[in-house]
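Residues per chain, in single letters:
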Amino acid sequence: MRKLALVAVLVAAGVTTARAQTQLVIVSGLGGDPRYTREFSALATALAQAARDRGGMPDSAITWFGEASAPQGEGPWYRGTSTRANVEQTLGRLAARESEEQLVLVLIGHGSGEGAQTRISLPGPDLTAADFARLLDAFGDRRVAFINMTSASGDMLPVVAARGRVVVTATKSAFERNESRFGRFFVDALSKDGADSDKDERVSLFEAFHYADAETKRFYESEQRIATEHPQMADEGQLARRFFLSAGAAGAASTDPRVVALYAERAKLEERITALRARKAEMTVEAYEAELERLLVSLAEKSQEIRRLERGS
């Protein structure tokens, strides 16, 4: 057990699949007040900048729809007004591609409604949880992250959740309707230092969520206020630990075929670890720990070899 714990500390949380690229779609809705309009625009811009500057994503892979009157910053990511038609058309186009692209869809704004009719407030007709479930189903078994940082977003989680999909909401129910702080901290996790808990120089969606959750709780405690939002995450298959807001898998841009092959092998080991954890209840403690230790040791060895080659040792 002691050796197993040590190995677990040394192993990175994971990587995306070797061929996966990421498309980031940010939808910021109606502010209803100039202050909120500016705030939603600033959050969208900070998120896009983090994806480009820290994640290495090309500007062409980042799409932001927002209010026509919103400050659009210096980046080239603003693609038009956040209408239902624009969002549906973009998601439909991305879903129709014959690729293994990952999708990260982020909602920023005001929410309302309950159950399948939970919605984000948009210029013109709104989009509901049922609408997003339909749009995301078109991506099939491709990896999707749905991050809803609006108020009253909680009821979307059970409607949108599906296998191969990470779903995050800022609240636990439709009745938490006050202004949400969670979104600011989630963007901070991706754009600033501090959320990389495993120190692998990347921030997974798992790390971003738990950082933002902790900071949200800290905010209400420091203000001595009753918390009016409780973030939640649905993660089928523990995908969030291996889902990164980046241009693609680490090592995908390497020209060294040995590095590319090692990243692919490491990704397969991570998939096997995830599958093993899902079978834990069916195994004896001894068998589970022995197999987990074997896989973690192999994973640590792959990571060590990758670092050696990348550093030119």
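Heads up: the structure comes first, above all this text.
Residues numbered from 1 in each chain as written. Predicted model: local features only at pLDDT ≥ 70, side-chain atom pairs only at ≥ 80, totals over all residues. Heavy atoms only, no water.

On a plain count of helices and strands, the chain comes out with 9 helices and 10 strands. Counting across all 313 residues of the chain, residues that qualify as buried make up 51%. Here the contacts in the chain between residues at least 6 apart in sequence split such that 70% fall between residues at least 24 apart. About 14,700 Å² of surface is accessible on the chain, with carbon and sulfur atoms providing 50% of the total. (Helix = DSSP H or I, 4+ residues; strand = E, 2+ residues; numbered from the N terminus. Buried < 20%, exposed > 50% of the residue type's maximum accessible area, 1.4 Å probe, protein only. Contact = heavy atoms within 4.5 Å. Areas by Shrake-Rupley, 256 points an atom, 1.4 Å probe, with all protein chains shown as cover.)

Moving on: the environment of Val106. Along the chain, the position of Val106 falls in strand E4 (residues 102–108). Here Val106 falls in the buried class, since its relative accessible area comes to 3%. Between the C-alpha atom of Val106 and that of Trp64, which follows or precedes it by 42 residues, the distance is 9.4 Å. Contacts of Val106, omitting those with residues within four sequence positions, involve Leu24, Val25, Ile26, Val27, Leu47, Ile147 and Met149.

With that settled, consider the sheet that holds strand E2 (residues 62–66). The strand order across the open sheet built from 7 strands is E3-E2-E1-E4-E8-E9-E10, with neighbouring strands paired in mixed fashion. Pairing within the sheet leaves two strands with one partner each, and these edge strands are strand E3 (78–81) and strand E10 (232–235). Between one strand and the next, the sheet's axes are offset by a mean angle of 10°, whatever the strand orientation. The pairing of E2 with E3 spans 3 bridges and is classified as parallel. Paired with Trp64 across the two strands is Tyr78, which belongs to E3. The sheet contacts of helix H3 (residues 84–96) involve strand E1 (22–28), E2, E3 and E4, and relative to E1 the element is tilted by about 170°. (Pairing = 2+ DSSP bridges. Axes fitted to C-alpha atoms, helices over the stretch in contact; angles between N-to-C directions.)

Picture the strands of a sheet paired through backbone hydrogen bonds; they go either parallel or antiparallel. The sheet built from 3 strands is open, its strands ordered E5-E6-E7 with antiparallel pairing. Of all the strands in the sheet, the pair left with one neighbour each is strand E5 (111–112) and strand E7 (127–128). Here 2 bridges tie strand E6 (residues 119–120) to E7, and the two strands are oriented antiparallel to one another. Bridging from a neighbouring strand, Ile120 pairs with Leu127 of E7.

Let us look at the environment of Ala145. Take Ala145: it is sitting in strand E8 (residues 144–148). Residue Ala145 is classed as buried on the basis of its relative accessible area, which comes to 0%. A sequence separation of 100 residues divides Ala145 from Leu245, and the C-alpha atoms of the two residues are 9.7 Å apart. Once residues lying within four places of it in the same chain are set aside, the contact partners of Ala145 are Leu103, Val104, Leu105, Val166, Leu205 and Phe243.

Going through the model one piece at a time under the given rule, you end up with 19 salt bridges. For Glu265, the salt bridge is made with Lys302, and the minimal N-O distance between the two is 2.5 Å. Of this pair, Glu265 sits in helix H8 (residues 257–278) while Lys302 is found in helix H9 (residues 285–310), placing the two residues 37 residues apart along the sequence. According to the relative accessible area criterion, Lys302 is partly exposed, its value standing at 24%. (Salt bridge = Lys/Arg side-chain N within 4 Å of Asp/Glu carboxyl O.)

Along E2, 5 of the 5 residues are buried, which leaves the element largely enclosed by surrounding structure. A two-sided burial pattern is seen for E2, the buried positions comprising Ile62, Trp64 and Gly66 on one face and Thr63 and Phe65 on the other. Alignment of E1 against E2, held across 4 bridges, turns out to be parallel. From the neighbouring strand, Val25 faces E2, where its bridge partner is Thr63.

For the pair helix H6 (residues 182–191) and helix H7 (residues 205–222), the least separation of the axes is 8 Å and the interaxial angle reads 135°. Accordingly, the angle class assigned to the pair H6 and H7 is oblique. Here H6 runs over H7; the crossing is right-handed. Here H6 contributes Phe182, Phe185, Phe186, Asp188, Ala189 and Leu190 to the contact with H7, which in turn contributes Leu205, Ala208, Phe209, Tyr211, Ala212, Asp213, Glu215, Thr216 and Phe219. Of the residues that constitute the contact of H6 with H7, the class distribution is 11 nonpolar, 1 polar and 3 charged. (Parallel < 35°, antiparallel > 145°, perpendicular 65-115°, else oblique. Left-handed = near helix turned anticlockwise from the far one by under 90°. Nonpolar A, V, L, I, M, F, W, Y, C, P; charged D, E, K, R; others polar.)

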